[in-house]
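Chain residues, written in single-letter form:
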Amino acid sequence: MTLWQQAITILMCVLGTMLTRFLPFLVFSSRRPTPKYIQYLGQVLPGAIFAMLVVYCLRNVSPLQYSYGLPELIAIAVTIGLHLWKRQMLLSIAGGTVCYMLLVQWVFV
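Residues numbered from 1 in each chain as written. Predicted model: local features only at pLDDT ≥ 70, side-chain atom pairs only at ≥ 80, totals over all residues. Heavy atoms only, no water.

### Quick look at the packing of helix H3 (residues 70-86) against helix H4 (residues 89-107)
- Where H3 meets H4, the closest approach of the two axes is 8 Å, and the angle between their N-to-C directions is 155°. Here H3 lies roughly antiparallel to H4, going by the angle between them. Between H3 and H4 lies a crossing of right-handed hand. Of the residues in H4, those touching H3 at Pro 71, Glu 72, Ile 74, Ala 75, Val 78, Thr 79, Leu 82, His 83 and Lys 86 are Met 89, Leu 91, Ser 92, Gly 95, Gly 96, Cys 99, Tyr 100, Leu 103 and Val 104.
- A per-class count over the contact of H3 with H4 returns 11 nonpolar, five polar and two charged. (Axes fitted to C-alpha atoms, helices over the stretch in contact; angles between N-to-C directions. Helix = DSSP H or I, 4+ residues; strand = E, 2+ residues; numbered from the N terminus. Parallel < 35°, antiparallel > 145°, perpendicular 65-115°, else oblique. Left-handed = near helix turned anticlockwise from the far one by under 90°. Contact = heavy atoms within 4.5 Å. Nonpolar A, V, L, I, M, F, W, Y, C, P; charged D, E, K, R; others polar.)

In structure tokens form, the structure reads like this:
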């Protein structure tokens, strides 16, 4: 890419990010109450997206081939355990990810 194309690409990424960040504040003002369906989506979407991420991550796990899904199972148990213990989403996701990466790099080679 030329320097001009790189600048345009960066500018478009910045504009897209700013639009997605500022649009909700422009559409839903503080003077009016937030619609009930938006409140509902705010409650159910995080869990639904997390469940979809789990399904996506486990879609190619084969319990009939070597490692038998054990690294994934152990990492999921670590993630759940950390979340139940500390109730901090970032810690539980990072802990499970680090656990999985250590297992597949050093244990289940």
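### A few points about unusual backbone geometry
- Of note, Tyr 68 is a non-glycine position whose phi angle comes to about 50°, a positive value.
- Among the secondary structure elements, Tyr 68 is positioned in the loop between helix H2 (36-58) and H3.
- Assessed through its relative accessible area of 48%, Tyr 68 is described here as partly exposed. (Buried < 20%, exposed > 50% of the residue type's maximum accessible area, 1.4 Å probe, protein only.)

### Quick notes on H4
- The terminal C-alpha atoms of H4, which comprises 19 residues, lie 26 Å apart, in line with the 27 Å expected from a rise of 1.5 Å per residue.
- Every buried residue of H4 is listed here: Ser 92, Gly 96, Cys 99 and Leu 103. On an axial view of H4, the arc spanned by its buried residues comes to 65°, and they lie on one face. Relative to its buried face, H4 has exposed residues pointing more than 90 degrees away, namely Leu 90 and Trp 106.
- In this structure, the buried side of H4 is in contact with H3. (Expected span 1.5 Å × (residues − 1). Arc of directions from axis to C-beta.)

Shape descriptors only; they carry no functional weight alone.
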